[in-house]
Amino acid sequence: MLGPVILAASRSDRMRRLISAAPVTKPVVDRFIPGETVGDIVPVIRDLTGKGLEVTMDVVGEDITAPEQATAARDAYLELIGRLKELELGERAEMSVKLSMFGQALPGGHELALANVRPVVEAAAEIGTTVTLDAEDHTTLDSMFAIHEELRKDFPQTGCVIQAYLFRTEDDARRLAAAGSRVRLVKGAYKEPASVAYQQKHEIDKAYVRILKVLMEGEGYPMIGSHDPRLITISQELARRAGRKLDEYEFQMLYGIRGDEHLRLAAEGHRMRVYTAYGTDWYGYFMRRLAEKPANLQFFLRSMVSKG
Ligand SMILES: Cc1cc2nc3c(=O)[nH]c(=O)nc-3n(C[C@H](O)[C@H](O)[C@H](O)COP(=O)(O)OP(=O)(O)OC[C@H]3O[C@@H](n4cnc5c(N)ncnc54)[C@H](O)[C@@H]3O)c2cc1C
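Conventions and cut-offs
- Residues numbered from 1 in each chain as written.
- Predicted model: local features only at pLDDT ≥ 70, side-chain atom pairs only at ≥ 80, totals over all residues.
- Heavy atoms only, no water.
- UniProt positions renumbered as here; feature names shortened; annotations may be inferred.
- Helix = DSSP H or I, 4+ residues; strand = E, 2+ residues; numbered from the N terminus.
- Buried < 20%, exposed > 50% of the residue type's maximum accessible area, 1.4 Å probe, protein only.
- 1 Å grid on protein atoms, 1.4 Å probe; cavity = no way out; pocket = protein on both sides within 12 Å on 5 of 7 lines; lining within 4 Å.
- Points joined across faces, edges and corners; volume = space filled by probe spheres on them.
- Nonpolar A, V, L, I, M, F, W, Y, C, P; charged D, E, K, R; others polar.
- Contact = heavy atoms within 4.5 Å.

In the nomenclature of an unreviewed UniProt entry, the protein corresponds to proline dehydrogenase from the organism Streptomyces poonensis. Taken verbatim from the UniProt record of the protein, the Pathway (unreviewed entry) comment is "Amino-acid degradation; L-proline degradation into L-glutamate; L-glutamate from L-proline: step 1/2."

If you want it as structure tokens, here you go:
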């Protein structure tokens, strides 16, 4: 019940100001967003990759209001890629981007986002890695898929995300399950209306399994973005039935969530990639993490009361 309320708050400027300024917020945020600058995040990348994990890096930020912010987003990713080059991690460190941060919602946004993201994809390819386009709310997806298709003409390894809660996603999965295509399947983290998305957890979980089957039986590279223990077991079974070797799919989880499970899967020989977000504009990302698990909100509120 609380999830939709928190997701609505994640779009409110008033709540953004209130929560971002609360003195007790920072330590709770740090669990999910372990740094504000490239300098902060490099040791985190070293630590995770040193443990046999891989990373996908997200510079937090979305819903920008001016083209200069989109240019700044591009530059922040280019700076990160410059640092990754020194670490020589190749595809063990890739990038995740939200096109809204590259200007997608501004006037002329589709072209603007494509123009801003292309140099990031090029720079990633130069250091032997790639970029995955995150999925945002359903109104942005036709543009995201069109940009994905355009980028794949020159950089076929560019990945994208599909969300199991949307009715459209089974069809998207069939189209995307082609050779050379990298697709991350997640449940979906936005507040979506019943006209486009399943609302009940059991329906979303069932859709996740149906779509995962399509990806596993297809010719692309499935990336399982979930912390759900049942879905992880089912993924392993579907991969086995599809005759996939351990390096023909990967698991992905968010930094700060089920860290022991990251290490367990890596120790079993799986490719395990940790989605690691950093930066100062963390509000939207943080609120989605609170919405996913009511216990996070309770913890957050308790820390406000005890410190306040
Ligand atoms: C690598 C990755 C990338 C993602 N990219 C996108 C994207 O591009 N677009 C998009 O819409 N969504 C994205 N998501 C978020 C996703 O849609 C879900 O909201 C999120 O993963 C929670 O769903 P779940 O599959 O983990 O299952 P759930 O049923 O929500 O959770 C299963 C278990 O995982 C743990 N857990 C899950 N979330 C949390 C949390 N926030 N805090 C603490 N414990 C938690 C709990 O133990 C829970 O019982 C991404 C998720 C991952 C892992």
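From this point, the narrative continues.
Right, let's talk about unusual backbone geometry for a bit. Despite not being glycine, E88 has its phi angle at roughly 50°, a positive value. Along the chain, E88 turns up in the loop between helix 5 (67-87) and strand 2 (93-97). Classification of E88 by relative accessible area gives exposed; the value is 70%.

The UniProt record annotates "domain: Proline dehydrogenase" (unreviewed entry) at residues 45-299. Taken end to end, residues 45-299 has its terminal C-alpha atoms 27 Å apart, with 48% of it in helix and 16% in strand.

Take empty space enclosed by the protein next. A water-sized probe rolled over the atoms picks out the places where empty space is left. Throughout the structure, instances matching the rule amount to three cavities of 30 Å³ or more. The volume enclosed by the largest cavity comes to roughly 40 Å³. Forming the boundary of the largest cavity are A135, L141, F145, V161, I162, Q163, L166, R168, T169 and D172. Sorting the residues of the lining of the largest cavity by element identifies helix 7 (141-154), strand 4 (159-163) and helix 8 (169-176) as the ones contributing at least two each. Here the lining of the largest cavity gets three residues from one element, more than from any other, and that element is strand 4. Within the lining of the largest cavity, the residues separate by chemical class into six nonpolar, two polar and two charged.

Now for the UniProt feature "binding site: substrate" (unreviewed entry) in the protein. On the UniProt side, "binding site: substrate" (unreviewed entry) is annotated at positions that read K98, R288 and R289 here. Here, the largest pocket is lined by K98, R288 and R289 out of the annotated residues. Classification of R288 as buried rests on a relative accessible area of 4%. Ignoring any residue separated from it by four or fewer positions in sequence, one finds R288 in contact with L7, E62, K98, A189 and Y190. Among the structural elements, R289 can be located in helix 12 (residues 283-292). With a relative accessible area of 6%, R289 lands in the buried category. Setting aside residues no more than four positions away along its own chain, R289 makes contact with F32, A189, L254, I257 and N296.

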